[in-house]
Amino acid sequence: MYKLYIWQSHDKSSGVGAFFMIEQTMPATRALSLRRTVVRMSGALLAFERLALMGLMYLLTALILVNVVTRYARFPIYWIDESAVYCVVWLTFIGASAMTRLRLDFAVTMLTERLSPQHQKLAKVISTGLVVVFGVALTITCVLWMDPVGLARAGFDGRKLAAETFNFLYTERTQTLNWPTWVLYLTLPIFAVSMTVHGLANLLEDLGLVPRTPPKGFELSELDGVN
């Protein structure tokens, strides 16, 4: 960001003269760049979440159809039920993250609708800030739970980590798919980080620090955006 200052002076020899001085404000430029980076990160995450939701919906539909057909043919596939359950879990968390950015999360407006417009804006800022706080707290909790530092110290040996810390996350496997459970549980830290980024983008817009940008790829009516 630059500021241009112009002074005019008069002298007898050259007539009217003008002096220019340009002042560069780097901190403001860096702050604006950081805000735009957060909004762009949120937009990229939202676009990826849209594709992930579409893929998981197709996958879930295919699993259910295959399950119905194989059961009707009396040749059921035993691992489809569990895979469909985990598919719904991933759909839930990814969808909740996308709803945060789309401002489709649930809100009780019995109190705020009776406030003045200025107080309503303040309440919205506080609510969005609490979403960011929750996302950060959940991220820290996931790091403590999954303990990547402890796993690295144990040589990425889940059994050794379980013997030292009684954290059996990396030794458990699913019942029918026989997959490592930590792979499926990755949806929690992913959700925590993405919700934090979306919450920061919403907070910047609520504070008026960046212009509010409409989401791409989502067609929302006026009644959809409750927040």
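- Where an unreviewed UniProt entry is consulted, the protein appears under the name TRAP transporter small permease protein, with the organism given as Bradyrhizobium stylosanthis.
- Turning to the protein, the UniProt record has this under Function (unreviewed entry): "Part of the tripartite ATP-independent periplasmic (TRAP) transport system."
- Per UniProt, the comment on the protein under Subunit (unreviewed entry) is "The complex comprises the extracytoplasmic solute receptor protein and the two transmembrane proteins."

Remarks on the UniProt feature "transmembrane region" (unreviewed entry) in the protein
Part 1 of the reasoning: Within this structure's numbering, the places UniProt gives as "transmembrane region" (unreviewed entry) are residues 51-71, 83-104, 125-146 and 182-204.
Part 2 of the reasoning: End C-alpha to end C-alpha, residues 125-146 measures 32 Å, and it is 100% helix and 0% strand.
Part 3 of the reasoning: Measuring from the first to the last C-alpha atom of residues 182-204 gives 34 Å, for a span that is 91% helix and 0% strand.

Here's the deal with the packing of helix 3 (residues 117-146) against helix 7 (residues 187-206)
Part 1 of the reasoning: Running from amino to carboxyl end, helix 3 crosses helix 7 at an angle of 155 degrees, the nearest separation of the two axes being 8 Å. Looking at the two axes, helix 3 sits roughly antiparallel to helix 7. In the crossing of helix 3 with helix 7, the sense of the turn from one axis to the other is left-handed.
Part 2 of the reasoning: Tallied by class, residues from the contact of helix 3 with helix 7 come to 17 nonpolar, 7 polar and 3 charged.

Some points on the packing of helix 2 (residues 80-102) against helix 7
Part 1 of the reasoning: For the pair helix 2 and helix 7, the least separation of the axes is 8 Å and the interaxial angle reads 10 degrees. In terms of orientation, helix 2 lies roughly parallel with respect to helix 7. Facing Val89, Trp90, Phe93, Ala96, Ser97, Thr100 and Arg101 of helix 2, the residues of helix 7 in contact are Thr187, Leu188, Ile190, Phe191, Ser194, Met195, His198, Gly199, Ala201, Asn202 and Glu205.
Part 2 of the reasoning: The residue makeup of the contact of helix 2 with helix 7, split by class, is 9 nonpolar, 7 polar and 2 charged.

Describing the environment of leucine 161
Part 1 of the reasoning: Its place among the elements puts leucine 161 in helix 5 (residues 158-165).
Part 2 of the reasoning: In sequence terms leucine 161 and glycine 150 are 11 residues apart; their C-alpha atoms lie 6.9 Å from each other.

Structural notes on helix 5
Three- or four-residue spacings in an α-helix give side chains the same orientation, since the helix completes a turn every 3.6 residues.
Part 1 of the reasoning: Every buried residue of helix 5 is accounted for by Gly158, Leu161 and Ala162. The buried residues of helix 5 all sit within an arc of 100 degrees when viewed along its axis, so they share a single face. Counted as exposed and oriented over 90 degrees from the buried face of helix 5: Arg159, Ala163 and Glu164.
Part 2 of the reasoning: On its buried face, helix 5 is in contact with helix 4 (148-153).
Part 3 of the reasoning: Put simply, aspartate 157 is the residue that caps the front of helix 5, since its side-chain oxygen is 3.2 Å from the backbone nitrogen of arginine 159.

A word on the side chain of glutamate 205
Part 1 of the reasoning: As for its position among the elements, glutamate 205 is in helix 7.
Part 2 of the reasoning: We classify glutamate 205 as buried; its relative accessible area is 9%.
Part 3 of the reasoning: Setting aside residues up to four positions removed in sequence, glutamate 205 forms contacts with Arg101, Arg103, Val210, Pro211, Arg212 and Thr213.

Reading the values: rules and limits
- Every chain begins its residue count from 1, and numbering advances along the sequence as written.
- Only residues with pLDDT of 70 or above have their local features reported here, since the model is predicted, and side-chain atom pairs are shown and tallied only from 80 upward, although totals for entire chains, interfaces and linings are computed over all residues.
- To obtain the side-chain values, all non-hydrogen atoms of the structure were included, while hydrogens and water were left out.
- UniProt positions are given in the numbering used here, feature names are shortened, and annotations may be inferred rather than shown by experiment.
- Secondary structure counts use DSSP, requiring at least four H or I residues in a row for a helix and at least two E residues in a row for a strand, with both numbered from the N terminus.
- Helix axes are fitted to C-alpha atoms over the stretch in contact, other axes to C-alpha atoms as well, and angles between N-to-C directions run from 0 to 180 degrees.
- Note that the term roughly parallel is reserved for angles under 35 degrees, roughly antiparallel for angles over 145, roughly perpendicular for angles of 65 to 115, and oblique for everything else.
- Helix crossings are classified by the rotation of the near helix relative to the far one: an anticlockwise turn of less than a right angle makes the crossing left-handed, while a clockwise turn makes it right-handed.
- Each residue gets one of three labels, nonpolar for Ala, Val, Leu, Ile, Met, Phe, Trp, Tyr, Cys and Pro, charged for Asp, Glu, Lys and Arg, and polar for the others, Gly among them.
- Contacts were defined at the residue level, with two residues in contact if any of their heavy atoms lie within 4.5 Å.
- Using a 1.4 Å probe on the protein chains alone, a residue whose accessible area is under 20% of its type maximum counts as buried, one over 50% counts as exposed, and one in between counts as partly exposed.
- This arc is built from the directions going out from the helix axis to the C-beta atoms.
- By the criterion applied in these results, polar contacts are pairs of N or O atoms within 3.5 Å in which, for protein atoms, one can donate a hydrogen and the other can accept it, and in which residues neighboring in sequence qualify only through two side-chain atoms.

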